[in-house]
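Working through the structure, step by step
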Amino acid sequence: MRAVPLPIDGAWLFEPTTFADDRGTFTVPFQAAAFAGALGYDLPVAQVNHSVSQAGVIRGVHFADVPPGQAKYLHVAAGAIRDVVVDIRVGSPTFGRHTVVDLDAAAPRAVFLAEGLGHAFQALTDGTVVGYLCSTPYDPSREHGIHPLDPELALPWRDDLAPVLSPKDTVAPGLADAVDQGLLPTHRACAEHYTRLRAGSPRHAAGAGG
C-alpha cells in the first residue's frame, strides 16, 4: 500500500493494490502497518460508519471538538464520491483551504483526515456506499458542521448534480460565522493532540527504547 500526503497537513491518500481474476477483484483498503508507517502512530478504531447515498447527496462539512476530535479513514465500497478535506484549524497556514480526491469502488483508494480537519463528500452515483473507520465514538455534544455551500469555502462540488443536504447541514453556519461563534479547533490544540498520539504510540515507544 502506498501512502501519499495531501496538500493539507494531516490528510493522506492511501492506495492499496487491487488483485483481479476471473472471479472479480480483491483489495485491502486499510492496513495498520502502512498507516502507522506513514503517520507514526496507530489508528484507534472506536466506531465504524456505513453510509448509503443517492447521487448529489452532500454529507458535511463535519468536524468534532479537539481534544479528542474524530479522525476518519474512509473508502468507497460501491459507487463514487468527490471527497473534500477542509483545513478549519484556526491559526493553520492553510486555514480555509481544501483538498479534493475523487474516490470510487472500481479503483479502491482511501482518504485519512486527522482530528480537527473538516470533512465532506458528494455522492456521484446512486447507491454510493462509504465506509469510515472513526477514532472516537459519535458524540453529538462535540459534533459541529459548516455549510458545504458556503461561498467563502467555494468547494468544487459537481455542478451537474443537484446538491441534497440534511436539515442539519442546511442550517450549518458558514466559515466566518463558525469562527465568530468559537466553534473551530485551533491549530495549536490539534498539533498538541497529534504530538500526544505519536508519543503514546507503542511504535514510538519501541523506537525510543533503542
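As a starting point, this report considers the structure included with it. (Residues numbered from 1 in each chain as written. Predicted model: local features only at pLDDT ≥ 70, side-chain atom pairs only at ≥ 80, totals over all residues. Heavy atoms only, no water.)

Bringing the sheet that holds strand β7 (residues 72-78) into the picture now. Taken in spatial order, the six strands line up as β1-β2-β10-β7-β12-β5 in an open sheet, and their pairing is antiparallel. Two strands in the sheet have a free side with no partner beyond their single neighbour: β1 (2-5) and β5 (47-53). Averaged over all adjacent pairs, the angle separating strand axes in this sheet is 20°, with direction ignored. Sheet analysis places β7 next to strand β12 (residues 128-134), joined by six bridges and oriented antiparallel. (Pairing = 2+ DSSP bridges. Helix = DSSP H or I, 4+ residues; strand = E, 2+ residues; numbered from the N terminus. Axes fitted to C-alpha atoms, helices over the stretch in contact; angles between N-to-C directions.)

This part takes up the pattern of salt bridges. By the definition in use, this model includes eight salt bridges. Across the pair Arg23 and Asp21 runs a salt bridge whose closest N-O atoms are separated by 2.7 Å. Between Arg158 and Asp160 there is a salt bridge whose closest N-O contact spans 2.8 Å. Residues joined by salt bridges that share partners form a network here, namely Arg2, Glu15 and Arg109. (Salt bridge = Lys/Arg side-chain N within 4 Å of Asp/Glu carboxyl O.)

Within the structure shown, the criterion is met by one cavity of 30 Å³ or more. Of the pockets and cavities examined, the largest cavity occupies roughly 60 Å³. Taken together, His62, Phe63, Ala64, Gln70, Lys72, Leu113, Ala114, Glu115, Gly116, Leu117, His119 and Glu143 make up the lining of the largest cavity. For the lining of the largest cavity, the elements supplying multiple residues, two or more each, are β6 (58-64) and β11 (117-123). Of all the elements, β6 adds the most residues to the lining of the largest cavity, at three residues. Broken down by class, the residue content of the lining of the largest cavity amounts to five nonpolar, four polar and three charged. (1 Å grid on protein atoms, 1.4 Å probe; cavity = no way out; pocket = protein on both sides within 12 Å on 5 of 7 lines; lining within 4 Å. Points joined across faces, edges and corners; volume = space filled by probe spheres on them. Nonpolar A, V, L, I, M, F, W, Y, C, P; charged D, E, K, R; others polar.)

The next point concerns the state of the cysteines. What is meant by a disulfide is a covalent connection between two cysteines, made through their sulfur atoms. Applying the stated rule across the entire model yields zero disulfides. Cysteine Cys134 is unpaired, with the sulfur of Cys190 as its nearest cysteine sulfur at 16 Å. On the accessibility criterion, Cys190 (0% relative accessible area) is buried. (Disulfide = S-S within 2.5 Å. Buried < 20%, exposed > 50% of the residue type's maximum accessible area, 1.4 Å probe, protein only.)

One finds Leu74, Ile81, Leu103, Val111 and Val130 to be the most contacted residues of the largest nonpolar core, which totals 17 residues. For this core, the elements supplying multiple residues, two or more each, are β2 (11-15), β7, β8 (80-87), β9 (98-104), β10 (110-113), β11 and β12. Per element, the largest residue contribution to this core is three residues, and it comes from β12. Beyond its immediate chain neighbours, meaning those up to four positions away, Leu103 contacts Leu13, Leu74, Val76, Ala80, Ile81, Asp83, Arg109 and Val111. Formed by 15 residues, the second largest nonpolar core is a distinct cluster that contains Ala71, Phe112, Leu133 and Tyr194. (Core = buried A, V, L, I, M, F, W, Y, C linked by side-chain atoms within 4.5 Å. Contact = heavy atoms within 4.5 Å.)

Each pocket or cavity is described by its volume, and for the largest pocket that value is around 420 Å³. Lining the largest pocket are 20 residues, with Asn49, Arg59, His62, Lys72 and Tyr132 positioned closest to its centre. Mapped by element, the contributors of at least two residues to the lining of the largest pocket are β5, β6, β11, β13 (143-145) and α2 (167-170). Looking at the lining of the largest pocket, its residues break down into seven nonpolar, eight polar and five charged.

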